[in-house]
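Chain by chain, the residues run as shown.
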Amino acid sequence: MCTVRCIIKKKEICMMDKQIIEKTMTNLRERQFDPYFVESKDEVVPLVKSMIKEGSTVASGGSETLRETGVSEMLRESYDVIEPEAGSTPEQVKETMRKRFSADAFLLSANAITYDGRIFQEDGASTRVAPMIYGPDSVIIVAGVNKLVENEAKARQRVKMVACENCRRRGFATPCAEDGVCHDCRVPGRSCCTSVTLNFSRIPNRIKVILVNEDLGI
Ligand code: SF4
């Protein structure tokens, strides 16, 4: 059976994969998100730049995908990025994080996107998901096709897999960092404290979703 992953290997869209992507795009659109599809990560930076006016303030949630596509670097070169300066005190960090709610644009990736057009995120301190939900006039989500999943159950599975992998990579003191399995832990270093599902955008097209025909991020 043809799978989304075969797109990455063959660099072409087979019929079933094309149908999955088209179905996802249609469902995202019906939920008042604003979806885009590009073949390669090289197309992401110009597209993102076309979505953000010169002189804008921007902020972003920590994202491997934004780094891999060159978006993080481009934001620092081209816009006024709201982020804590090195050496900031905890109070200064808190103040800066609050300012991100008034950024003109907020960028992040997704943990999972279902074929029926819903977007799943999980977060620790919620500094990534909170401005996504409310505040910035424009939100831009960049995601590789490896984030596409069939349904909500698969999305929740994927989100946990990402959380475990994040803990392992960052050396967190959580049980999943040891064995790669979620234990619904109650330890101070828990990295997945808040689960958010975007089912619909009340403000049409506030949330843009750029789907990239490559495997990106975790
Ligand atoms: S709840 Fe705990 S064990 Fe499960 S993925 Fe999150 S940090 Fe890991």
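A brief report on the enclosed structure follows. Keep in mind the model is a prediction, meaning the values are calculated, not measured. (Residues numbered from 1 in each chain as written. Predicted model: local features only at pLDDT ≥ 70, side-chain atom pairs only at ≥ 80, totals over all residues.)

**Structural notes on the overall build of the protein chain**
For step 1, the next point in the chain: Across its full length, the protein chain carries nine helices and ten strands.
For step 2, the next point in the chain: Its C-alpha atoms give the protein chain a radius of gyration of 17 Å, within 12% of the compact-globule value 17 Å for 218 residues.
For step 3, the next point in the chain: Dimensions of the protein chain, computed from C-alpha atoms along their principal axes, come out at roughly 55 × 45 × 30 Å.
For step 4, the next point in the chain: A total of 218 residues make up the protein chain; the buried ones form 38% of that total.
For step 5, the next point in the chain: Of the contacts made within the protein chain by residues no fewer than 6 positions apart, 71% connect residues no fewer than 24 positions apart. (Helix = DSSP H or I, 4+ residues; strand = E, 2+ residues; numbered from the N terminus. Rg over C-alpha atoms; globule rule 2.2 N^0.38 Å. Buried ≥ 20, exposed ≤ 12 C-beta atoms within 10 Å, placed from the backbone. Contact = placed C-beta atoms within 7 Å.)

**With respect to the sheet that holds strand E2 (residues 57–60)**
For step 1, the next point in the chain: Across the sheet, which stays open at both edges, the six strands sit in the order E1-E10-E7-E4-E2-E3 with parallel pairing between neighbours. The open sheet is flanked by strand E1 (34–38) and strand E3 (80–81), the only strands paired with a single partner.
For step 2, the next point in the chain: The sheet contact formed by E2 and strand E4 (residues 105–108) spans three bridges and is parallel. Across the sheet, Val-58 pairs through a bridge with Ala-105, a residue of E4.
For step 3, the next point in the chain: Against the sheet, helix H5 (residues 71–78) engages E2, E3, E4 and strand E7 (138–144), with an angle of about 155° to E2. (Pairing = 2+ DSSP bridges. Axes fitted to C-alpha atoms, helices over the stretch in contact; angles between N-to-C directions.)

**Here we look at the nonpolar core**
For soluble globular proteins, nonpolar side chains are generally found buried alongside one another.
For step 1, the next point in the chain: One finds Ile-141 and Val-142 to be the most contacted residues of the largest nonpolar core, which totals 49 residues.
For step 2, the next point in the chain: The leading source of residues in this core is helix H8 (residues 152–170), at six residues.
For step 3, the next point in the chain: What Val-142 contacts, discounting residues up to four positions off in sequence, is Val-44, Thr-65, Leu-66, Thr-69, Val-71, Ser-109, Ile-210 and Val-212. (Core = buried A, V, L, I, M, F, W, Y, C linked by C-beta atoms within 7 Å.)

Distances and angles like these do not, on their own, reveal function.
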